[in-house]
Amino acid sequence: MADLAAAHVLAHVRPIAGRDGLALREDPSVRIVLLLERRDDPGFQQRVAKAFGVAPPTKANTVAKGSASLAWIAPGQWFALGTYVDARDGVDVSDAYCALRLSGPRAAELLSKSLPVDLSVGAFPVRTCVRTMMGSIPIFLMREADGFLILVERSLAHAAWTWLADGANALSR
Amino acid sequence: MSGGYRLASGGRIDRSRPLHFRMDGVMHSGFAGDTLASALLANGVRVVGRSFKLHRPRGVMAAGVEETNALVDVGKGANAEANLKATEIELVDGLEARSVNAWPRADRDALGVLGLLKPFLPAGFYYKTFIRPSWDTYEGMIRRAAGLGHAPVGVDPDTYEKQFAHADVVVVGGGIAGLVAAWSASAGDAQVILIDDQPELGGTLLGQPVPINGDAPDIWLSRVEAELRARPNVRLLTRTTATGVYDHHFVLACARRLGAGPRQRLWKIRAKKVLLASGAFERPLVFPDNDRPGVMLAGAARTYVERYGVAAGRSAIVVTNNDSAYHAAFSLRAAGVKVSAIADLRASPPRHALDAARHHDIEVMPATAPAGVAGRHGVKSIKLASVDGAGRLGAASQPIDCDLVCMSGGWSPALHLYAQAGGAMHFDAERGAIVPDAAFEPVVCVGAARGTFTLAASIAEAYAAGAHAAHATGHPSNDGFITPKVDEWPQVAAAPIVELRSARSRGAHSWVDLQNDVTAADVRLAARENYRSVEHLKRYTTLGMAVDQGKTSNVNAIAIMAAATERTMDAVGTTRFRPPYTPTTLGAFAGREVGQHYRPLRRLPAHEAHAELGAVIEDYGGWLRPAFYPKADESEATAVTREVLAVRGGVGLFDGSPLGKIEVCGPDAAEFLNRIYVNNMLTLGVGKARYGLMLDENGIVKDDGVLSRISADKFLVGTTSAGANSIGYWLEEWLNCEWPHLNATIAPVTSQWAVMTVTGPRARDLLRAFDTSIDLSAGACPHMNVREGTFAGVPARIHRVSFTGELSFEVAVPARYGQALWREMLKRGQAFGVTPYGIEALMVMRVEKGYLHIGADTDGTTMPQDVGFAEIMAKKKADYAGKRSTMLPVGRDPRREFVGLEVADGEAPLPIGAHIVDPSEAADTRRTHGWVTSTCFSPTLERPVALALVENGRARMGEIVTLTSTHGRRSATVVGPCAYDPNGERLNG
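Everything in this summary refers to the structure shown in the same document. Note that the coordinates shown come from a computational prediction; the quantities given were computed from them, not determined experimentally.

## Some points on the overall build of chain A
Assigned secondary structure in chain A consists of three helices and 11 strands. Going residue by residue from the N terminus, the α and β elements of chain A occur as β-β-β-α-β-β-β-β-β-α-β-β-β-α. Its C-alpha atoms give chain A a radius of gyration of 17 Å, near enough to 16 Å, the size a compact globule of 173 residues would have. Considering only C-alpha atoms, chain A reaches an extent of 55 × 50 × 25 Å along its principal axes. Across the 173 residues that make up chain A, the buried fraction comes to 44%. For chain A, long-range pairs separated by at least 24 residues make up 56% of all intrachain contacts whose partners lie at least 6 apart in sequence.

The following block contains the structure:
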């Protein structure tokens, strides 16, 4: 019996939709599992490949897509991202982050106001990811076919939202 | 009549759009396309400012960023901007400008009399004079008299933006060289950003046109610009100043905007190649009284005619050491200004120049130089004299009437960005300029910035550099560029850079740095006093340290120093160039990171529930947390007292979610943690928790927290809230850099779990109001234990640990359930009188218990033996981080130890930070024996309690010590830290 209701982090804000070619919303359906490879675990790659249908990528900042997206975040560390993610092989950190989806033709421009990363499609194509700073806020960023997925620590979700919304206002000025 | 006026026609201004503005309260008019400087000249305003030190009247000298005199303050109140160059301010309707360093106004300045004192105010005057009794005596007065504009008052109401960008090639400068370089670099698909500080592209050609393909240069320029704008891989940033080039081709540029929107935008551009086409600055000539209003750079005078349709005077004399000023003479003459003569320092000016002057009917006087200028508030006449190659002047002529002196001392490449990036330079005598050394990859100079002073050569050089940059970044190109035909004179040598000086010209001053009032005599004085290094020269005389950063003065000063010390220009060298290239508004660097965005604060999962309860929410280490929950009009003290007593007597509820949580897993997890903590972690049983202390490499207490063993190879490390992130990185560093052979993983999970602390004698009653799979009875889950299971239907971890001294449970659930859990606990706890409490009540309770608070009760010198860990350290044989440092001599007695203090004088709580002193020590050598680190009134004990670090504190139990602070003298007894329930019976309920 679940007595407790799950709360969306940003239940109190209204999504931004279609303004100046921008859409920004929280996506509470994203589950996040942190996969950590131990030093002497030769079966790790295979176990992960079996669980997700794809081996974890070894190239930095790339994403492999199976039943979940496996995003390289550090040597021996991946995020497994999806709507259903088996947490058996990792640490469930779904509640540690708030997932934001940012899309539209001016999405990269908005992010470039505070991200030092080159977000041009050539340098940061679909299925690449990066952990970086958005102004003073640490984020994980991944480009997907339909836009960007941003993971921000749950406690900083409100700050990240107001920062992006404020930047979106500045775009239209 | 004297002074400037608007020409009937010509210029790039829009005469259909008149604008009105005020200067020092006087209404003037101008046109769209004017700068404030051109509009002031057009209105006949000659004195626009006063010099920094001596309040000498000064007029517009240049037409661009190098302007040294025409500084103004613009705007009012919080919108005011100080020390802007009038030559850089685009005129807008309603502009309000004020002269700087002048009162009541520039042409009638009350302190102008100081100018007469120059003979008594040489370089170093302040250092030598205002010594006794001390500089402080004079500083206020001097600072009021000297100085420039006024800082704005109030909070800046404008907004600022930042923008990151990435490019293959960044071209700085939108003159002909920059345009050609950008053209060839972008002919393929290389991403190119062109940066230019003017509202329109074209650079020097806008004001000093040279026919291209037989036409006015506009035609060719607009074709190139249109082509660049049409290329999708080109970004043109106008009204944007590149202010710095840093390592790895990182270019900083500040864009200004007219009208609505962010006032400035700071571009942070990561390039692969940087091409510098920043052009060159014309140098003034150094001759007596060369600072009179109306003495102007020849290129600037020409620019005012050609670009702004303004004659800067009615009757001009041109004085020059090179060819370029001849064109200024021709432009002025064509605009109807009388040009009496061209005085050329060279004994034999080149044939093409003489022929052209004859064609324009202007007399050329070879081997002739200016010897003095009359006219305090504006040039009235000039004396000329014969001159030799060393600048020695012969007998001066009779004064020749004129109101404009156009001077040219040659051209200095604008190498600031090149030098900032580390590029080396040398003096090229033939070009009469300090030029960049041949090869320097980070910044490649082209055109005038390289010392290439003909357009044809600049175009060829820029084209090649652009193509090379594209090629080097993997974007070859071949665009069929047609080199334009330029009708110009060949490059010929200028006369040497010298001070023009007469043995008889005593009393007159030849100014080098006009803004800071530095004369040629000051430079020579510095040489005599052995400040021969160019860096000493700069600091002794303040040369080049004004707002213009010596853009027009540095090379002249180096030449004078070289002559005075009989060295070469290269031997004197140049001072170090530092960013920014021009003054840049601090707001641009702050961007949007002001106000709520200055430091993003973290929110608790139950933030809204706390706010609904009326909690006073404050910033605790970057987290917004409830300080206390006042009822109605309760004061903080009343609320905190109520919350403490509620916990001690019943049950309290606290949101402890920010406590750091890191999962350490793997076969070597125990071994790894045993090396991190002072405590023995190998002996920690499954399901057990243990308080742990960790040190840095210097043996200093770094962090603490409760560590628990969830299973054989899974630990949960608890850190302080403030250390949640940094301790995660700290563990990663030790594991990956020092002990990579240990088989363990680290997962930070602080934000994953919301933690609600239920504490007080009735804590268990409250938990029993929920369904849980965990047996929370005293027998099944004693103090310092951890259990996993479900609670209220969701996964949970329950720690039995206490920071209040009461029976306590920390219930952790996935963060999404945090808010619901908080609300439900308050609801179901009503039956037991549950009271939410904040950080302040928690702090009171932990002081009562003598629990250590890292950072409050410890500092950068505290070692574990100081806080009661000596026994634990002695027992642990294994090594751990920081252990060796604790064994250094500094780690032995006498040390300041963590103790309690009990007020012995029956008064209020001891002041925080009060020092323990020995009154028998002499007052002037009295030292501290320690200080109060935590203090409060204990509602539970109904008396003050305090914690302190006291020298040899544990050996001094029972001793009455004297404390002193700004609140006076107190006395207290040294006791153990724990004032409440010292045997810990309440923990074990």
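Now that the structure is up, let's keep going.
## A closer look at the overall build of chain B
Along its length, chain B carries 24 helices and 53 strands. By its C-alpha atoms, chain B is 115 × 70 × 55 Å across when sized along the principal axes. The buried share of chain B, taken over its 989 residues, is 54%. By sequence separation, contacts in chain B at least 24 residues apart represent 67% of the contacts at least 6 residues apart.

## Notes on the interface of chain A and chain B
At the interface, 40 residues of chain A touch 40 residues of chain B. Among the elements of the structure, strand E3 (31-36) and helix H3 (157-172) of chain A are those that each provide at least two residues to the side of chain A that touches chain B. Looking at which element gives the most residues to the side of chain A that touches chain B, the answer is H3(A), with seven residues. Here the side of chain A that touches chain B is built from residues that sort into 19 nonpolar, 10 polar and 11 charged.

## Quick look at the pairing of strand E21 (residues 338-344) of chain B
Residue and element names in this part refer to chain B. In terms of burial, E21 is largely enclosed, as five of its seven residues are buried. Sheet analysis places strand E20 (residues 315-320) next to E21, joined by six bridges and oriented parallel. For Val319, the partnering residue across the bridge sits in E21 and is Ala343. Read as a crossover between parallel neighbours, the route from E20 over helix H7 (residues 324-334) to E21 is right-handed.

## Concerning the packing of helix H4 (residues 176-185) of chain B against helix H10 (residues 455-472) of chain B
All names here are of chain B. Orientation of H4 relative to H10, taken along the N-to-C sense of each, is 35°, at an axis distance of 7 Å. Judged by the twist between their axes, the crossing of H4 over H10 is right-handed. Taking contact as the criterion, the partners of Ile176, Ala177, Val180, Ala181, Ala182, Trp183, Ser184 and Ala185 in H4 are, on H10, Leu455, Ser458, Ile459, Ala462, Tyr463, Ala465, Gly466, Ala467, Ala469 and Ala470.

## Overview of the sheet that holds strand E8 (residues 95-99) of chain B
Residues and elements named next belong to chain B. Ordered by their spatial adjacency, five strands build an open sheet running E3-E2-E8-E6-E7, and the pairing between neighbours is mixed. Of all the strands in the sheet, the pair left with one neighbour each is strand E3 (26-32) and strand E7 (81-85). Averaged over all pairs of adjacent strands, the angle between their axes in this sheet comes to 40°, without regard to strand direction.

## Here's the deal with the sheet that holds strand E40 (residues 701-711) of chain B
Residue and element names in this part refer to chain B. Here five strands make up an open sheet; going across it, the order is E39-E40-E41-E38-E42 and the pairing antiparallel. At either end of the open sheet lies a strand with only one pairing partner, and these are strand E39 (689-695) and strand E42 (745-748). For this sheet, the mean inter-axis angle between neighbouring strands, taken without regard to orientation, is 30°. Pairing geometry for E40 and strand E41 (residues 714-719), over four bridges, is antiparallel. Bridging across to E41, Ser708 finds its partner in Leu716. Relative to the sheet, helix H18 (residues 669-676) contacts strand E38 (660-665), E39, E40 and E41, its axis offset from that of E38 by approximately 130°.

## Overview of helix H22 (residues 839-849) of chain B
Residue and element names in this part refer to chain B. Summarising burial for H22: 10 of the 11 residues are buried, a large majority. Among the residues making up H22, those that are buried are Ile839, Glu840, Ala841, Leu842, Val844, Met845, Arg846, Val847, Glu848 and Lys849. In the core, the buried residues of H22 are packed alongside strand E35 (616-620), strand E36 (623-628), helix H17 (636-649), strand E37 (652-655), strand E50 (930-938) and strand E51 (943-951). Gly850 sits one or two positions beyond H22 and adopts a positive phi of about 70°.

Here is what the cut-offs are and how they apply
- Residues numbered from 1 in each chain as written.
- Chains lettered and ligands numbered in written order.
- Predicted model: local features only at pLDDT ≥ 70, side-chain atom pairs only at ≥ 80, totals over all residues.
- Helix = DSSP H or I, 4+ residues; strand = E, 2+ residues; numbered from the N terminus.
- Rg over C-alpha atoms; globule rule 2.2 N^0.38 Å.
- Buried ≥ 20, exposed ≤ 12 C-beta atoms within 10 Å, placed from the backbone.
- Contact = placed C-beta atoms within 7 Å.
- Nonpolar A, V, L, I, M, F, W, Y, C, P; charged D, E, K, R; others polar.
- Pairing = 2+ DSSP bridges.
- Right-handed = clockwise from strand over helix to strand, strands pointing away.
- Axes fitted to C-alpha atoms, helices over the stretch in contact; angles between N-to-C directions.
- Left-handed = near helix turned anticlockwise from the far one by under 90°.

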